[in-house]
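# A structural walkthrough
If you want the building blocks of each chain, they are given just below.
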Amino acid sequence: MIRLILTRLISSVGIFIALSILIFLLMYLVPGSVAVIILDDAATPENIAKLEAELGLDDPLPTQYARWIVNVSKGDFGTSFLNGRPVRDDIIEKFPVTLWLLIGALVIAVVFGLSVGILASLKPGSLLDRSSVLLVTLGISIPNFWLAVLLSMLFAVKLGWLPVFGYTPITEDPILWFKSMLLPWFSLGIVSSTLIARQMRGAMIEVLNTDYVRAARASGIPEHWVVISNGIKNAMIPVITVIGFQVPVIIGGSLIIELVFATPGLGSLTIQSVLDQDLPIVQAVLMVMASLVILTNLVIDISYGWLNPKMRVL
Amino acid sequence: MKKKLGMSLLTGVVVLAMLFAMAGPAMAAKDTLRVGWSVPARKWNPHLNTAVMLLGHLEPVYEGLVGEGPKGELLPRLATKWEQTKDSITFTLRDDVVFHDGTKFDANAVKANIADVQSGRYPPNAKKLIAISSVEVIDATHIRFHLNRPAPSLLYTLQRFAGLMVSPAALKSNSVDKVPVGTGPWKLDPKRTISGTKYVYTLNKEYWDPSVQGVAEIEINVLSVEQQFNGFASGELEVAGLHSAFVPRAKAAGYKILSPEGPHEALHIYDRTGKIVPELADPRIRRALSYAIDRKAFARVVLQGNSIPSTQRYLPGSQWHSEEIEDLSYNLKKAKELMAEAGVKGFTFDTYSQDAFFDMMNEPIAGMLKKIGVTMNIKSIPIGQLFVAASSGKYAASIMPLIERHPYDFYQAKLAPDAFMNPFKYEDKEIDALAKKAARMDEKSAAPLWTEMSRLAAERGYLIHIGSVHFAIMVSKRAKNVKGRSFSPYNIFFRGVTVE
Amino acid sequence: MSDTSLTISQSIADEDFLERPSFWRRFSSQTVPMIAMIFLVILILTAILAPWIAPKDPLEQDLLEVFLGPSWEHLLGTDNYGRDVFSRIIFGSRVTVQAGLQAVCFAIILGVPLGLIAGYVGGRTDKIIMWINDIFFILPALLIALTAIAVMGPGLTYAMAAVGFGMATRYIRLTRGVVLVEREKTYVESAKVTGIQTPIILFRHILPNIFSPLVVQTSLLFGIVILVEAALSFVGAGAPVGQPSWGRMLSESRYWISQQPFLVIPPGLAITFTVLALNLFGDGLRDVMGRKITATDIKVQKQKRSRSDAAELPDEINEKSGGSGADSILSIRGLEVKFPSISGEFTVLDNINLGIRKGETLGLIGESGSGKSMTAWAVMNLVPFPGKITNGTVRLEGRNLNELTRKQMRSIRGNKIAMVFQDPLSALDPVMTIGRQICKPLKIHKNMTKRQARERAVELLNLVRVPEPHRRLDEYPHQFSGGMAQRAVIARALACNPDVLIADEPTTALDVSIQGQVLELMQDIQEKLGMAMLFITHNLGVAADVCHRGAVMYAGQIVETGKIDDLIENPKHPYTAALLMAMPENVQKINRLADIKGQVPLPWAWPQGCRFHPRCEYATDQCTKDNIELREIAPNHTVRCVRSTENILGERL
């Protein structure tokens, strides 16, 4: 187990470093010069030259990367091109919102996904199963932003049950916070839950068709116990990976969903920064999101070992 | 053991997440003006901004020497009075004003601010103050700007970005990059502000004129159109700026609508030399473009009547309005004839747009030009690069607002051979001569010359005027005494507004 | 939708024997993917022919006709500039298809060669490529696209190239996988012919093999790309202003909700349907490609036999065919199992009659696919879904098991009747300790406490000769060798002292050296405990060692029963004789190839008359006509063969 964790850890660090180099290089892929973006309407040749010197763009790339990564490791992502604000402030301000969004959406995705998947798998070919398969395929195909628009039209505008936009910090009013997060959670969670349901259903059908499940049934073990302790426990092994995959999916979805609900998280920050070509923020967001995904993969890998006794011996 | 590890990992994540969330703000006060806005704030130093859309975030915090009335008129603000001669302006300053950071406002502060603008960090604003050759501090409450050229519109310029006063201490320490420090009736609360999304302003208790502080707090929320409507419907907003296209929707919902005079919009033809689009060198084709644009339909349908169509820069009633101007209004037949006469079947040029509101200007005009075979390709550019794009020489033409109100500024920005927005350096000697002459005369006798200049610019197709495009401001019943602000989309005056 | 249609074949027969209909026929028999494919073809045609199909110019404005509802003039109404929405949707398909093609083509052009290199060269190159691959797998496609826009400025071209770049990873993995598989295969093949591994051979093998998964992958990725394109256009970073793009139309439609709410619908549906079609198409294709045979594929020939056959059989013969009558502890009478399929039911077990006495071992003998295991499941009343016992009875000590409630039946399973399986490692739950798996039935049936159950488990492991039982109880199945695992499975089966033990090929999956030990163990235990055993095997030799009596099964029927010695020394059915000859020792003796030609036909393909006749060298015309009945030809010896009295097999051995 420790060896498993160690090898995974090392490969995660490797991927992280490689990604950080790519993210660092973004600054140099800009056609022309980043100085033009920074200066906006103030981009005169003199200003550009002056700024490039100030930014140290004349140094060799490895030096620049070293400087950048050292700063990043201290949490210093530089300052926004746009308003000169330290990027770190933006990230610290917005990361918790996105994290909550991610956690909530993941909870919804897992709870709904697993239960629908399990229920559907118990009677394959039944009406419940068929309709769940249809729903799942539909869920994967609906653009989540369209779903979000429709959901907010219904629950917020028409019925008035939930706030239409914005975010109330949990410290200010936990109930309002919960209400303000519900629609984004569902808009994000539904799509992922369909993906999980699909996998869970497949895995369950496969597991319930195995010899050891038949053997358990043939030993007179009650069906609910077979489903829970043989079925679900075994089916979870492949599904846990799929749940892990949902982290990048939800993060990707949050980019648009946050915009629809004006949720002040990393997603709306990203879109705004992309439209503004505010590269330091884009870089920081990429680093944070990539770390989050790498970290999840690590946790998934480890929990995979934890669930699967075969991996534990390694 | 392993289960414990899993549990403790989970608890760790949750606790961490909660700690992060705890960093949020505290309770909101009662009489808060909640405003819907379509763009986030950019730089907190007002001298580094020009886009009028960005005035809203700065308005609660900053003041200039000269204030602005609902129609753009000059009002005493940090200066109680002023006197303009041919080569100087002398201001008498208030002596009871303190910046939010405790720095005293005086003549030296003004001098530091003018120096900041003139440093050239931000050329569009530096150019506006080009007429100020030096600043002379007479005493703490008196200051004199020496002028090196005629500056008929300098005082108007000082009402906005280039003239807003920032604490000299904050300028020096660059802390203004993070938090705005002005003299205004409200100050930014950085703790409760979520940059890019929500800006919270609290009462400046030291303010010199408490009578204008109708609300204790102002909250500016960056929202999309439907979020604004939704916010109104659910009582979460009191004021929001709107594109005129949405006025019927707002009226149907029963909200009060203000529509102050909007900025003047025109299709600027930059490539008058025909360098990248040869067809545009032909004045007949440029005029054909003017005939192709159905300004009335545009005003009636797209802008819901909330606009004044015009084929020239100044509207009737202005001292610079021309009565003799040729008829350049919509006439599809004439447009097609002119195209045929020039031997051109059609052509294509690129222009740009940066957001939904520019789209709503560009798209219908593109549709109209299409009817005479002219294709206007609208490219998206990053927000904030409008002026860079206009002056880049990459675009032959684009629809832009004319934010310069005085003809002299208009000339300086668009028509002069070295104008910022004349990237192809086109020179019209007649117009140059008129402008130079008029600039040296007093306002009254210069008026006919300015009228002539603006008429020529329109007739020669340098600018295809569309008209004054009004924007609307949607006001809920709870907000009182809300006044719109001319030539400035969406902006209102926060002074004096109260909320029930 | 692969999983809905059950993999029936798995439980009945080895699917490899099935002759599969052509790819296209199997695909076209699926309704939903076919509809999806037609939709996609129409979409592509629409994109290509947009200027000719669209009734209006998508950019043509008419400010006098804004926000019109759907009408004949404007099928989907008009938008805020009076443009025809229907025409805009049609032209929007161009943006969608083009963006999708851009990204996917880029991904294929980049990914397939890299995958080929990684798979073919292997070694360090492979590692480096796969490692870089992992990096791009981290980031969501939309984030990659947005990053490209942040760097290069708004517009779809660079964004789609970036998405393609990110998606190349999927193609790398796919291609590499195919290459690795094919390399193994061709290595062997080409080494035989030329002694060298020629890349040309390899690529010739790879191309056809990669084509189908590539199409599946592409259709699924296409869906993702379309969603990314729509999302980019939705936030205003994608398709330029004015261009009819579904994402942009959707985004803009939100502005006009009060004037014309309908505008939100067409672009949203267009995106959803397109992605849906791509997903359904891809899924359908994958199903057809997959190794599973689905119920939809099965075309059942109308079976002429009816279940009344069993009833017509004289009771006497019924009694005798399976062996002894009243003293049987387990007796099976007229058992019939059917499976539903789209074109009707098909029979899997046909009028099975068997009986086992206390202390007796009955061998159930036949090739795979003959229905032996299904018989075992039917006894347990655990016929795999959606199969059903449609006729007959199973009695345990006279109690009809088919009439028991679920709960009652559960108290029989594992308690009175227990089972041992072919592959011990797959019969044990990999995530549960051996101890828990043995103790659970004890706790359920004998109400033992945890400690009691554990003591009993140790006892059982001792009984089946597993060394160090205390330690091994806490181990997981993968820590057991095959032989040890089978001992554990036997221990579990014996836990509650069952009256009947069903052993389904208990030694087939084991090492030859261990088979003997396990068989010996089973015999010992049976003698010690005096229970009845149903021993399922394909090997007459094994049956001869273990069983007292035997029943030979073919295609869901019993074809011959008798004392095991009679069956071996004097087989009366050509199938029994053939099985006999397939035994290794006999193969040597008669110096003939061991295999019986052909395979057991699948239930929906059972021939009329004698089911064995197509493979039988003694078949006559008579064999193809009527159903053959089981006849008693000697005491305790029944045969289902019209020529059983002719002694056709007499001189063979």
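Please refer to the structure placed before this passage.
As the structure is a computational prediction, the values presented were derived from the model and not from experiment.

## A short note on the interface of chain C and chain A
By a widely used convention, the size of an interface equals the accessible area lost when the partners come together. Counting residues at the interface gives 70 residues for chain C and 76 residues for chain A. Between chain C and chain A, roughly 6,200 Å² of surface is buried when both sides are summed, and carbon and sulfur atoms account for 74% of that area. When the buried surface of chain C facing chain A is broken down by residue, C:Ile138, C:Val151 and C:Val431 rank first, second and third, together holding 11% of it. The tally of links from chain C across to chain A stands at 1 salt bridge. The salt bridge involving C:Asp283 is made with A:Arg198; its shortest N-O contact spans 2.9 Å. Linking chain C with chain A are 13 residue pairs in polar contact (both at pLDDT 80 or more), by the criterion used here. Listing elements by their share of the side of chain C that touches chain A, those giving two or more residues are helix H5 (123-137), helix H6 (141-152), helix H8 (199-234), helix H10 (265-289), strand S6 (417-420), helix H15 (424-427) and helix H16 (434-446) of chain C. Ranked by the residues each element gives to the side of chain C that touches chain A, the list is headed by H10(C), at 11 residues.

## Description of the interface of chain B and chain C
Contact with chain B, which involves 25 residues of that partner, is made by 23 residues of chain C. Summing both partners gives a buried area of about 2,000 Å² for chain B against chain C, and 57% of it is carried by carbon and sulfur. By the criterion of area lost to chain C, the three top residues of chain B are B:Arg249, B:Glu363 and B:Ser380, representing 28% of everything that side buries. Across the contact surface, chain B and chain C share 3 salt bridges. With a closest N to O distance of 2.6 Å, B:Glu363 and C:Arg83 form a salt bridge. For the pair chain B and chain C, the number of links is 5 residue pairs in polar contact (both at pLDDT 80 or more). Among the elements of the structure, helix H7 (225-233), helix H8 (247-252), helix H10 (295-302), helix H12 (356-370) and strand S16 (374-380) of chain B are those that each provide at least two residues to the side of chain B that touches chain C. No other element matches H12(B), which puts 8 residues into the side of chain B that touches chain C. Along the lines of polarity and charge, the residues of the side of chain B that touches chain C split into 15 nonpolar, 3 polar and 7 charged.

## Details of a nonpolar patch on the surface
Residue and element names in this part refer to chain C. On the surface, Val 41, Ile 44, Leu 45, Ile 48, Leu 49, Trp 52 and Ile 53 cluster together into a nonpolar patch covering about 690 Å² of accessible area. Residue placement: Leu 49 occurs in helix H3 (residues 31-53). Since its relative accessible area comes to 35%, Leu 49 is described here as partly exposed.

## Quick notes on the nonpolar core
Burial of nonpolar side chains together is a common tendency in soluble globular proteins. B:Leu65 and B:Phe91 are the most contacted members of the largest nonpolar core, which has 275 residues in total. B:Leu65 has contacts with B:Pro76, B:Arg77, B:Leu78, B:Ala79, B:Phe91, B:Leu93, B:Phe105, B:Val110, B:Phe145, B:Gly163 and B:Met165, leaving out every residue within four places of it along the chain. Counting 106 residues, the second largest nonpolar core, distinct from the first, contains C:Ile352, C:Ile412, C:Leu494 and C:Leu580.

## Quick look at H6(C)
Residue and element names in this part refer to chain C. Its 12 residues give H6 an end-to-end C-alpha distance of 16 Å, which sits within 8% of 16 Å, the value for a rise of 1.5 Å per residue. Within H6, 10 of the 12 residues are buried, which leaves it mostly tucked inside the rest of the structure. If you check which residues of H6 are buried, you get Leu 142, Leu 143, Ile 144, Ala 145, Leu 146, Thr 147, Ala 148, Ile 149, Ala 150 and Val 151. Of the residues one or two after H6, Gly 153 is the one with positive phi, at around 95°.

The rules behind each value
- Residues numbered from 1 in each chain as written.
- Chains lettered and ligands numbered in written order.
- Predicted model: local features only at pLDDT ≥ 70, side-chain atom pairs only at ≥ 80, totals over all residues.
- Heavy atoms only, no water.
- Contact = heavy atoms within 4.5 Å.
- Buried area = accessible area lost by both parts, 1.4 Å probe.
- Salt bridge = Lys/Arg side-chain N within 4 Å of Asp/Glu carboxyl O.
- Polar contact = N/O pair within 3.5 Å; in protein donor to acceptor, adjacent residues only side chain to side chain.
- Helix = DSSP H or I, 4+ residues; strand = E, 2+ residues; numbered from the N terminus.
- Nonpolar A, V, L, I, M, F, W, Y, C, P; charged D, E, K, R; others polar.
- Patch = residues over 30% accessible without salt bridge, like charges linked within 9 Å, V, L, I, M, F, W, Y side chains within 5 Å.
- Areas by Shrake-Rupley, 256 points an atom, 1.4 Å probe, with all protein chains shown as cover.
- Buried < 20%, exposed > 50% of the residue type's maximum accessible area, 1.4 Å probe, protein only.
- Core = buried A, V, L, I, M, F, W, Y, C linked by side-chain atoms within 4.5 Å.
- Expected span 1.5 Å × (residues − 1).

Geometry only, nothing functional implied.
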